[in-house]
Amino acid sequence: MHYTVIVDVLGDKALDLLRSLENMNVVRLHESTLQMKDTSAIRFLKGKMTKQPIEEVERQLRELRGK
């Protein structure tokens, strides 16, 4: 019986273990799917803000601060 699963490998040791299992013909890795995933916070925030004049940003800050 064959199953296809997708896993997130959290460390190099886990990837080494998967490669060892592949060498024992227990699993098969598809190299085209092996890629680094960017989990940095910058990636999640990138492009979320629109450009605004500094005066508008300062006005919004004053409103938020209640001044």
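For the structure itself, consult the block above.
Residues numbered from 1 in each chain as written. Predicted model: local features only at pLDDT ≥ 70, side-chain atom pairs only at ≥ 80, totals over all residues. Heavy atoms only, no water.

## Some thoughts on the environment of L21
Alright, step 1. Here L21 shows up in helix α1 (residues 12–23).
Alright, step 2. For L21, the contacting residues outside a window of four places in its chain are V26 and V27. (Helix = DSSP H or I, 4+ residues; strand = E, 2+ residues; numbered from the N terminus. Contact = heavy atoms within 4.5 Å.)

## Overview of the pattern of salt bridges
Alright, step 1. Counted under the stated rule, the structure contains two salt bridges.
Alright, step 2. Here R59 and E63 are joined by a salt bridge, their closest N and O atoms 2.1 Å apart. Linking R59 with E63, this pair stays in helix α3 (residues 54–65), spanning four residues, or about one helical turn.
Alright, step 3. When its relative accessible area of 32% is taken as the criterion, R59 is described as partly exposed.
Alright, step 4. What emerges from the salt-bridge pattern is a single network uniting E56, R59 and E63. (Salt bridge = Lys/Arg side-chain N within 4 Å of Asp/Glu carboxyl O. Buried < 20%, exposed > 50% of the residue type's maximum accessible area, 1.4 Å probe, protein only.)

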